[in-house]
Amino acid sequence: MKKFPQGFFWGASTAAHQVEGANVHNDWWQAEERRCVKVASGAACKHYELYAQDFDLAKQLNHNCHRFSIEWSRIEPQEGNFSLEAIQHYRQVIADLKSKGLEPVVTLHHFTNPAWFSQKGGWTKFNLNKYFLRFVERIVGELAQDVRFWVTINEPLVYSSHAYFLGVWPPQERSLLKTVKVTLNLAETHIKAYRIIHRIYRQQALSRPMVSIAANLQAFEICRANFRNKLAAYLRNKLYNFYFIEKVLRKKTLDYIGVNYYSRNLVDVKSWKLADLLAQTCQDNHFPLPKNSLGWDIYPQGLYKLLLRLKRYGLAVLITENGICTDNDDLRWDYIRQHLEQLHRALAEGIEIWGYIYWSLIDNFEWDKGFTPCFGLVGVDYRNFKRTVRESAVKLAAVIKNNGI
Ligand code: FCB
């Protein structure tokens, strides 16, 4: 059996807007109301009410950690108006996790913003990040005693590109300039948030927190080994995978690297146009691989390769997301098993990995794709909110029990 290190974290992840339901004060909800996105999140999984029941399932499945996000628009539904009730709610969420032996990993920004913040211009305006930082100061001040692991911002580049370049997430813009501005603003904001969090722990005389981002990493593989493809893969790695990490690392503001890994991007570029160099993928079905239900290639080796690449930063890694949407639960188990094998290979190469957090604990609202992609270890019947534990979850539970595969 391939063993994982003692104290390895095993768990699953969620994000507020995708599971809680009725996040009426954020920009996504507003876009849903205006029918700018196809499907509305509505009651989602009712996790805001049912969290304790969901954490019971995580516990039964032997998890020892859980990643979730705090919804800023619940904490501060109107500018400057902090909801004590919402703060109390998340305090209870954390207390419930801890009572069940689940270490909380808390995300502070997972794609959604309070509507009032977006109306002012959101992340396109550098001076507005003071609002997010005030929220960070407040909520971390309240919860520091019970949380050790923080993720400031989930997938900053996925957020900026989907909201400001691809135009698919609110505010659905298509501006390269704004995409760049938002990305730079998020980097600046992470750096400041990191410092605020560390200061709070010092002031409260608590032991050092572990603060990072969750970086979305893709395996950029070239289809044919020509110069153009090599250049394209180099640029994509540089820009999409490592730019943000390196930028915040220059300010020494990562205590570990949070990695979200899903898939491969097969690079095959047919022209020298910048847009093609940066985005064109193979259209000829060269090197076909099994896919998830959204058509993303399943490529476990990519995780191993990226982990080796991260070694140069000299930081531990926490897999903050890895998962598959599929209606075929056998395929889900294959996906998990194969990725754990690659993780183990990386461990054997001396990479420090703290844990594996699967996306997601329960099926949920997959943003502009709605409710059809099923990523959950646990299925959700949206008519009655009944949960059903999948076989893959039980198999993962056995791996966790053995701390090995
Ligand atoms: C990631 C997001 C997460 C979820 C998964 C499938 O990019 O962080 O919210 O949507 O993809």
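Shown above is the structure to which this text applies.
Residues numbered from 1 in each chain as written. Predicted model: local features only at pLDDT ≥ 70, side-chain atom pairs only at ≥ 80, totals over all residues. Heavy atoms only, no water.

Asks: Hey, could you run me through the pattern of salt bridges in this one?
Replies: Under the counting rule described, the total for this entry stands at 25 salt bridges. The residue Glu142 makes a salt bridge to Arg91 at a minimum N-O spacing of 2.7 Å. Here the residue Glu142 occupies a position in helix H7 (residues 129–143), and Arg91 occupies one in helix H5 (residues 84–99), the gap between them amounting to 51 residues. Of the charged contacts, one joins Asp96 and Lys100 as a salt bridge, the two residues approaching to 2.7 Å between their closest N and O atoms. The buried category is assigned to Asp96, whose relative accessible area is 16%. What you see here is one network of salt bridges that share partners, running through Asp56, Asp96 and Lys100. (Salt bridge = Lys/Arg side-chain N within 4 Å of Asp/Glu carboxyl O. Helix = DSSP H or I, 4+ residues; strand = E, 2+ residues; numbered from the N terminus. Buried < 20%, exposed > 50% of the residue type's maximum accessible area, 1.4 Å probe, protein only.)

Asks: What's the story with the site of the ligand in this structure? I'm lost.
Replies: Taken together, the neighbourhood of the ligand is formed by Gln18, His110, Phe111, Asn154, Glu155, Tyr262, Glu321, Trp359, Glu366, Trp367 and Phe375. Glu155 places a polar side-chain atom, nitrogen or oxygen, 2.5 Å from an oxygen atom of the ligand. Trp367 places a side-chain nitrogen or oxygen 3.2 Å from an oxygen atom of the ligand. The protein chains hide 95% of the 300 Å² of surface that the ligand would expose on its own. Among the residues forming the shell around the ligand, the class breakdown is 5 nonpolar, 3 polar and 3 charged. (Near = heavy atom within 4 Å. Polar contact = N/O pair within 3.5 Å; in protein donor to acceptor, adjacent residues only side chain to side chain. Areas by Shrake-Rupley, 256 points an atom, 1.4 Å probe, with all protein chains shown as cover. Nonpolar A, V, L, I, M, F, W, Y, C, P; charged D, E, K, R; others polar.)

Asks: What is the right way to read unusual backbone geometry from this model?
Replies: With the exception of glycine, the majority of residues adopt a negative phi angle, and the majority of peptide bonds are in the trans configuration. Going from Pro170 to Pro171, the amide bond is cis rather than trans, its omega being 5°. Within the secondary structure layout, Pro171 lies in the loop between helix H8 (156–164) and helix H9 (176–203). Omega for the bond connecting Trp359 with Ser360 falls within 30 degrees of zero, at 10°, which places this linkage in the cis form. For Ser360, the position within the fold is in the loop between strand S8 (353–359) and strand S9 (378–381). Of note, Ala44 is a non-glycine position whose phi angle comes to about 45°, a positive value. Positionally, Ala44 belongs in the loop between helix H2 (27–33) and helix H3 (47–60). Despite not being glycine, Phe385 has its phi angle at roughly 65°, a positive value. Looking at where Phe385 falls in the secondary structure, it is placed in the loop between S9 and strand S10 (386–389). Taking relative accessible area as the criterion, Phe385 reaches 16% and is therefore assigned buried.

Asks: Explain the sheet that holds strand S1 (residues 9–13) to me, please; I cannot follow it from the model alone.
Replies: Sheet strands pair via backbone hydrogen bonds, and the direction of the pair is either parallel or antiparallel. Spatial strand order, S1-S2-S3-S4-S5-S6-S7-S8: 8 strands in a closed barrel with parallel pairing. Along the sheet, successive strands turn relative to each other by an average axial angle of 30°, direction set aside. Sheet topology places strand S4 (residues 149–154) next to strand S5 (residues 210–222); 4 bridges connect them, and they run parallel. Across the sheet, the residue bridging to Phe149 is Met210, located in S5. Together, strand S2 (65–69) and strand S3 (103–109) form the strand contacts of H5, whose direction differs from that of S2 by roughly 165°. Lying on the sheet, H7 is in contact with S3 and S4; it crosses S3 at an angle near 160°. (Pairing = 2+ DSSP bridges. Axes fitted to C-alpha atoms, helices over the stretch in contact; angles between N-to-C directions. Contact = heavy atoms within 4.5 Å.)

Asks: Just to check I follow, could you spell out H7 for this structure?
Replies: Because the α-helix completes a turn every 3.6 residues, residues three or four places apart line up on one side. With 15 residues, H7 ought to run about 21 Å at 1.5 Å a step, and its terminal C-alpha atoms sit 21 Å apart, in line with that. Within H7 the residues assigned to the buried category are Asn129, Tyr131, Phe132, Leu133, Phe135, Val136, Ile139, Val140 and Leu143. On its buried face, H7 is in contact with helix H4 (72–75), H5, S3, helix H6 (115–119), S4 and H9. (Expected span 1.5 Å × (residues − 1).)

Asks: Can you help me understand the nonpolar core in this one?
Replies: Counting 114 residues, the largest nonpolar core has Trp150, Ile245, Leu310 and Leu343 as the members making the most contacts within it. With 10 residues, the single largest contributor to this core is H9. Excluding anything up to four places from it in sequence, Leu343 contacts Phe4, Phe8, Leu303, Leu307, Ile319, Ile353 and Tyr356. (Core = buried A, V, L, I, M, F, W, Y, C linked by side-chain atoms within 4.5 Å.)

Asks: Can you help me understand the environment of His110 in this one?
Replies: Mapping His110 onto the fold places it in the loop between S3 and H6. Overall, His110 belongs to the buried group, its relative accessible area being 5%. Residues His110 and Glu79, spaced 31 residues apart in sequence, show a C-alpha to C-alpha distance of 19 Å. Those residues within four positions of His110 in sequence are excluded, and the remaining contacts are Ala15, Gln18, Arg67, Ser69, Asn154, Glu321, Trp359 and Trp367. Looking at His110, its side chain comes within polar contact range of the side chain of Asn154, at 3.1 Å.

Asks: What am I meant to see in the environment of Pro170 here?
Replies: Mapped onto the fold, Pro170 is located in the loop between H8 and H9. Assessed through its relative accessible area of 5%, Pro170 is described here as buried. Each C-alpha atom, one on Pro170 and one on Glu32, is 9.3 Å from the other, the two residues being 138 residues apart in sequence. For Pro170, the residues in contact, after removing those within four places along its chain, are Asp27, Trp28, Ala31 and Ala163.

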